[in-house]
Amino acid sequence: MKEQTNNNSRRKFLQKSAVASAAMMSGSWAAFSNQNNMSTEETANNVIPNGPIKTKGYAATDESGKLSPWEFERRPVGDDDILIDIKYASICHSDIHQEKGHWGEQKYPQVPGHEIVGVVAAVGKNVTKFKVGDRAGVGCMVDSCMECDSCNAGEEHFCDRGETKFTYGAPSEAEPTGITQGGYSNKLVVRDHFAVRVPDHISFEEAAPLLCAGITTYSPLMRAQFKVGDKVGVAGIGGLGHLAVKIAVSKGAKVYAFTTSEDKVEDIKSWGVEEVIVVDDEFKNMGAYNKTLDYMISTIPYQFNVTPYVMCLKPGGTFTFVGMPEKSEITLNNLMLAFARVNFNASLIGGIPETQEVVNYCADNGIRPSIEIINAEEINEAWDKVVNKEARYRYVIDAATF
């Protein structure tokens, strides 16, 4: 009962935090680009295009996963929408899995990208959360029913009616293309509730990865409620894993980082970890950590042998999956699991209030993702490097190059 009360209190805090973070700041926006060639409704500092929004981006056209330039239209700006001029969008391994059809058949052309930041260029008449000129970010979802218990509790990604609409590839009658289109583009129309404020004291390019990698790791780490000095393991030190390390260290954990990439060791040490364990094919060096950890989060986006990692946890410890491999099934040695007596769970992303919380937390506490900025024409090469574990650690696309 005490845990339930704490959870309810925290949800209320998160919701209040999200509202408080939506403090307005005035701004102005130059006349909408002539490329839209449409009539407008003009209010103070707000020019609302009266038709579909012409957009440039990069799209996948089949399961090869090769992206190419594509011009398309987004829906008109509705009464509850904002129009964002995208500045940066970063690359998540999920983009690659989805566009290659690893998680099911897709409709093409499809623009990926759910780590999106930019400037509000227009607001619908019902919008109070944002004004023109505000800095805004959009993550993995763009709509839900907004009426059920989960949505009202700030957990829109678990909409009880199953109406969570993800940022790209989700069926949408409102969109001219029939599906939602993501952030590898120069403009985005989104319901205002599903955008968060990007504080002034973090750069756009460093804020972008927080909209997926940040919230995906922050949410389960906070639910774990580990104490200062607890031993926390992070398995897989890529785009998600490196942020999990930085967040856990900032919260006072003694972090043990597990990686298969020996050339990442010095980077990882610089983030304040207790130890870096380079995992070999035979897991020979993992026995030394048997029953050592209080908690472990796995960001590994491939099928892997879970058992050696599980054995590193103390009895009663918890193992959380956030990495999403090509196939959803996992294989465990049941006998070893029984001896380990470890709790398992998986985590998706987080709701809008908690997404605002992680953006604010990282901005306020100097937690920054390690990024490399690329041009749009480099996306396909960057995808190959992500698959080959060569990314260091998040590629961020300059939207001005679309």
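Residues numbered from 1 in each chain as written. Predicted model: local features only at pLDDT ≥ 70, side-chain atom pairs only at ≥ 80, totals over all residues. Heavy atoms only, no water.

Attention now moves to the packing of aromatic side chains. For the structure shown, the criterion picks out 13 aromatic pairs. Measuring from ring centre to ring centre gives 6.0 Å for phenylalanine 321 and phenylalanine 344, while their planes differ by 20 degrees; the resulting arrangement is stacked. Linking phenylalanine 321 in strand E16 (residues 313-321) with phenylalanine 344 in strand E17 (residues 343-346), this pair joins segments that are 23 residues apart in sequence. According to the relative accessible area criterion, phenylalanine 321 is buried, its value standing at 12%. (Phe/Tyr/Trp six-rings, centres within 6.5 Å; stacked < 30°, edge-to-face > 60°. Helix = DSSP H or I, 4+ residues; strand = E, 2+ residues; numbered from the N terminus. Buried < 20%, exposed > 50% of the residue type's maximum accessible area, 1.4 Å probe, protein only.)

A word on helix H10 (residues 352-365). For H10, which comprises 14 residues, the first-to-last C-alpha distance of 20 Å matches the rise-based estimate of 20 Å (1.5 Å per residue) to within 8%. Most of H10 is tucked away: 12 of the 14 residues are buried. Inspection of H10 places Ile352, Pro353, Glu354, Thr355, Gln356, Glu357, Val358, Val359, Asn360, Tyr361, Cys362 and Ala363 among the buried residues, and these make up the whole buried set. Backbone geometry just after H10 places glycine 366 at a positive phi near 70 degrees. (Expected span 1.5 Å × (residues − 1).)

A complete count under the given rule lists 16 salt bridges for this structure. For glutamate 115, the salt bridge is made with arginine 394, and the minimal N-O distance between the two is 2.7 Å. Placement of the pair is glutamate 115 in the loop between helix H2 (93-99) and strand E6 (116-123) and arginine 394 in strand E19 (residues 394-398), with a sequence separation of 279 residues. The pair formed by glutamate 115 and arginine 394 is uniform in burial state, with each residue classed as buried. Here glutamate 147 makes a salt bridge to arginine 161, at a shortest N to O gap of 2.8 Å. Here glutamate 147 is found in the loop between strand E8 (141-143) and helix H3 (149-152), whereas its partner arginine 161 is found in the loop between H3 and strand E9 (165-166), with 14 residues between them in sequence. By sharing partners, the salt bridges in this structure join Arg75, Asp81 and Glu175 into a single network. (Salt bridge = Lys/Arg side-chain N within 4 Å of Asp/Glu carboxyl O.)

By themselves, these are just geometric observations and shouldn't be taken as functional.
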